[in-house]
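# Tertiary structure, described
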Amino acid sequence: MHINLFKKHIHKWIFHHGVSRCLISPKINKSSRFQSSCTNSSKLTYSYVSNPGTWPLLGTTLGEVVNRAEQLYGEREALVSVFQGTRKTFRQFKEESDCVAAGLRSLGLEPGDRLGIWGPNSYEWVLTQFAAAKAGLVLVHVNPAYQARELEYCLNKVAVKALVCDKAFKTSDYYEMLCELAPELPSSATGSLKSARLPHLEKVIVMSEEMLSGTMKFSDLFDAGDSSHVKSLEQLGRRIKFDDPCSIQFTSGTTGLPKAAVLSHHMIANNAYGIGYRAEYHKKHHRICLTVPLYHCFGSVAGAVTSMLFGATCVLPSRGFEPDTAVQSMQDERLTSCYGTPTMFVDILNAQRRKNRDMSSLSTGIMAGAPCPPELVMSVMNELHMKDFLVMYGMTETSPVSFECFPSDPPEVRFSTIGYPSDHTEVKIADHNGQVVPIGEAGEVCIRGYLNFLGYWGDPKKTEEMMGPDRWLKTGDLGIMRPDGYTEIIGRIKEMIIRGGENIYPTEIENFLMELPGVLEAQVFGVPDSRMGEEVGAWIRSKENADLNEEAIRKMCKGKIAHFKIPRYMIFKEEFPTTVTGKVQKFKMREMTIKELNLEG
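Residues numbered from 1 in each chain as written. Predicted model: local features only at pLDDT ≥ 70, side-chain atom pairs only at ≥ 80, totals over all residues. Heavy atoms only, no water.

### Comments concerning the overall build of the protein
The secondary structure content of the protein amounts to 18 helices and 29 strands. Compactness check: the protein gives a C-alpha radius of gyration of 24 Å against a globular reference of 25 Å for 601 residues, within 12% of the reference. Taken over the C-alpha atoms alone, the protein extends approximately 80 × 70 × 55 Å along its principal axes. The burial tally for the protein puts 58% of its 601 residues in the buried class. Counting only contacts in the protein whose residues sit at least 6 apart along the sequence, the fraction spanning at least 24 positions is 70%. Accessible area for the protein stands at about 24900 Å²; split by element, carbon and sulfur atoms hold 51% of it. (Helix = DSSP H or I, 4+ residues; strand = E, 2+ residues; numbered from the N terminus. Rg over C-alpha atoms; globule rule 2.2 N^0.38 Å. Buried < 20%, exposed > 50% of the residue type's maximum accessible area, 1.4 Å probe, protein only. Contact = heavy atoms within 4.5 Å. Areas by Shrake-Rupley, 256 points an atom, 1.4 Å probe, with all protein chains shown as cover.)

### Looking at the confidence of the model for the protein
When the pLDDT values of the protein are averaged, the result is 90; 91% of them are 70 or greater. In this model, residues 1–41 is a region of pLDDT below 50 whose contacts with residues beyond four sequence positions or in other chains number 59 contacts. (pLDDT = per-residue confidence, 0-100.)

### Comments concerning the packing of helix α3 (residues 90–106) against helix α8 (residues 227–239)
Two numbers describe how α3 lies on α8: the axes approach to 9 Å, and their chain directions differ by 105°. Looking at the two axes, α3 sits roughly perpendicular to α8. Facing D98, A101, A102, R105 and S106 of α3, the residues of α8 in contact are H229, V230, S232, L233 and L236. In the contact of α3 with α8, the residues fall into five nonpolar, three polar and two charged. (Axes fitted to C-alpha atoms, helices over the stretch in contact; angles between N-to-C directions. Parallel < 35°, antiparallel > 145°, perpendicular 65-115°, else oblique. Nonpolar A, V, L, I, M, F, W, Y, C, P; charged D, E, K, R; others polar.)

### Points about the sheet that holds strand β20 (residues 425–430)
Taken in spatial order, the five strands of this open sheet run β1-β20-β21-β23-β24, and their pairing is antiparallel. Since the sheet does not close on itself, it has two edges, and those belong to β1 (48–51) and β24 (487–492), each with one partner. Sheet twist, expressed as the mean angle between neighbouring strand axes with direction ignored, is 35°. (Pairing = 2+ DSSP bridges.)

### A closer look at the environment of R531
Tracing the backbone shows R531 in the loop between β27 (519–529) and β28 (533–542). On a C-alpha basis, the gap between R531 and V346 in space is 7.1 Å, while along the polypeptide they are 185 residues apart. The contacts of R531, once residues within four sequence positions are left out, are T343 and D347. Polar side-chain contacts of R531 include one of 2.3 Å to the side chain of D347. (Polar contact = N/O pair within 3.5 Å; in protein donor to acceptor, adjacent residues only side chain to side chain.)

### Describing α3
In this model α3 runs 24 Å from its N-terminal to its C-terminal C-alpha over 17 residues, within 8% of the 24 Å that 1.5 Å per residue would give. Every buried residue of α3 is accounted for by F90, F93, E96, S97, V100, A101, A102, G103, L104 and R105. (Expected span 1.5 Å × (residues − 1).)

### Looking at the sheet that holds strand β14 (residues 313–316)
Pairing within the open sheet is mixed, and its nine strands lie in the order β3-β2-β14-β13-β15-β16-β17-β18-β19. Every other strand in the sheet has two partners, leaving β3 (86–89) and β19 (420–421) as the edge strands with one partner each. Sheet analysis places strand β15 (residues 337–340) next to strand β16 (residues 364–367), joined by four bridges and oriented parallel. Each bridged residue has a counterpart across the sheet, and for S337 the counterpart in β16 is T364. Packing of α3 onto the sheet brings it into contact with β2 (77–81) and β3, and relative to β3 it is tilted by some 95°. Running at roughly 160° to β15, helix α10 (residues 297–310) makes contact with β13 (287–290), β14, β15 and β16 of the sheet.

### A word on the environment of G491
Its place among the elements puts G491 in strand β24. Taking relative accessible area as the criterion, G491 reaches 22% and is therefore assigned partly exposed. Taking the C-alpha atoms as reference points, G491 and E502, separated by 11 residues in sequence, lie 17 Å from one another. Contacts of G491, omitting those with residues within four sequence positions, involve D477 and L478.

### Observations regarding the pattern of salt bridges
Per the stated rule, a full pass over the model turns up 34 salt bridges. R105 is the salt-bridge partner of E110, the closest N and O atoms lying 3.4 Å from each other. A relative accessible area of 41% places E110 in the partly exposed class. Classification of R105 as buried rests on a relative accessible area of 15%. A salt bridge links D358 to R334; the shortest N-O distance between them is 3.2 Å. Of this pair, D358 sits in the loop between α12 (342–355) and β16 while R334 sits in the loop between α11 (323–332) and β15, and the two are 24 residues apart along the sequence. Judged by its relative accessible area of 35%, D358 falls in the partly exposed class. Relative accessible area serves as the criterion here: at 37%, R334 is assigned to the partly exposed category. Three or more residues joined by partner-sharing salt bridges are found here, namely E77, R87, R287 and E333. (Salt bridge = Lys/Arg side-chain N within 4 Å of Asp/Glu carboxyl O.)

### Describing the pairing of β2
The buried fraction of β2 amounts to four of the five residues, a majority that puts the element mostly inside the structure. Bridge count between β2 and β3: four bridges; the pairing is antiparallel. When the bridges of β3 are listed, L79 appears paired with K88.

### What about the packing of aromatic side chains?
Taken as a whole and assessed by the stated rule, the structure comprises 16 aromatic pairs. Consider the rings of F93 and Y123, whose centres lie 6.1 Å apart with planes at 80°: the pair is edge-to-face. Placement of F93 in helix α3 and of Y123 in helix α4 (residues 123–134) is noted, with a sequence separation of 30 residues between them. The same class applies to F93 as to Y123, namely buried. (Phe/Tyr/Trp six-rings, centres within 6.5 Å; stacked < 30°, edge-to-face > 60°.)

The structure is reproduced here in structure tokens:
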């Protein structure tokens, strides 16, 4: 009994005093990366790596992460929202997250309830992320570009009970869209919505000081909770388990409908810690330029949670990505790290070449979301001074990162591979039977470890297709592993299009296009683009006597599907290339489109 009590206090001390302080070896030995659990050789013969890591897995919830950050980093700046003029220390952030969590409890939200968040980057977004975790809620990330049709599906799919949203963003009026889906909202008492089309949604909380009928203001959450709700939070803190779900993020599939990937506190906290440790955030205080959206796991995990774990300052330059604002913030805020997709870095470089801001404080960052071209890698290292930046690879279903390079890796590693497997992660390159292939042979990249998601909400069949009883998760990407364990992606088994870091699934767009009047058939595929990486191309067959053209299709798409899903290139054809069995050959369509539109250059 005394021994168990001693262990309990030791574990508590380890967590509250910083994991990196109790590691056996704070510096990774590069030679250890070349070891596989199935070989004693420094060079692999089969495409399998088990990386045990050099730091122990954290047994913590996201709420505890905030409490720990307040104890360790107190008066240091935790979050700066440049466009809002907001600066919060770790102590202030902890206090306000407690207030908002109590406010959410006062609304009658119970542990396990789903709380949606729909809007661009903001201080309130990050605050909601951690407050929801403290209240035991499951935060549902809704893409800020989604239109009413997509929002309706997401809210109903996972039975969202309450929604935190902006009033509007860019050309999207969120409140107007909600009223379109739930015309009962304006006449509803606050917090008592009863909607035919959104049967689960009861409460709408708007991040605006404008009073909108049927909703409550986000600022009112700070004073909504009383002492009983604060006390219930203390009790919840002891009841919430780190294996409990805390996040649902939507990722489309080949069926065309988004799938709701469920992640736990354990997965997110440890993935965030692994990202920061690989980036060597434990060695100095970093100030991170977060240009990527918070609704995506890149922003919410690698940005918000990693910052909280390492005492880094998370800086939001703007609501959405604005390259000019980003480079200005890098200078003014003396930022040391910058996150972005390759497309974002192209725009940041162009902005810097125009503005010539002082980038001397930068040293590192993360580039992920799409392949990183050699010229771009060198420009980021030289012009932005990001000599130690990391290329990372992953997907929502792996919390998200599963491969990362090291700060000391040469430039060619960054543009020719996706890095080395993350800590506490197993990786294999497998054939169609799931068997590990020899080094140098192509196969599907498969991942196993703490980072694998809990499953797709309400969809056990799709979960089983993605991840079997052996817990190997199939990424759908074709890869080749090198003898040192570094891996390169050579293609995708799935027909996913990656446009500027956004994952786009052709079937979803095809299904939508074929619902439009006059459209007989539609096939969607990716075509190369020098700036975005890929753009969406579509071949469309019109119904007889239908008067369709590109302008008409675009008009029908606007406001119905997210802007990045609307095909940039549309070609109207009377017939599609097919196999002898009638299967459409998309690769031929792609080749013909590239040639016809001269897209190779």
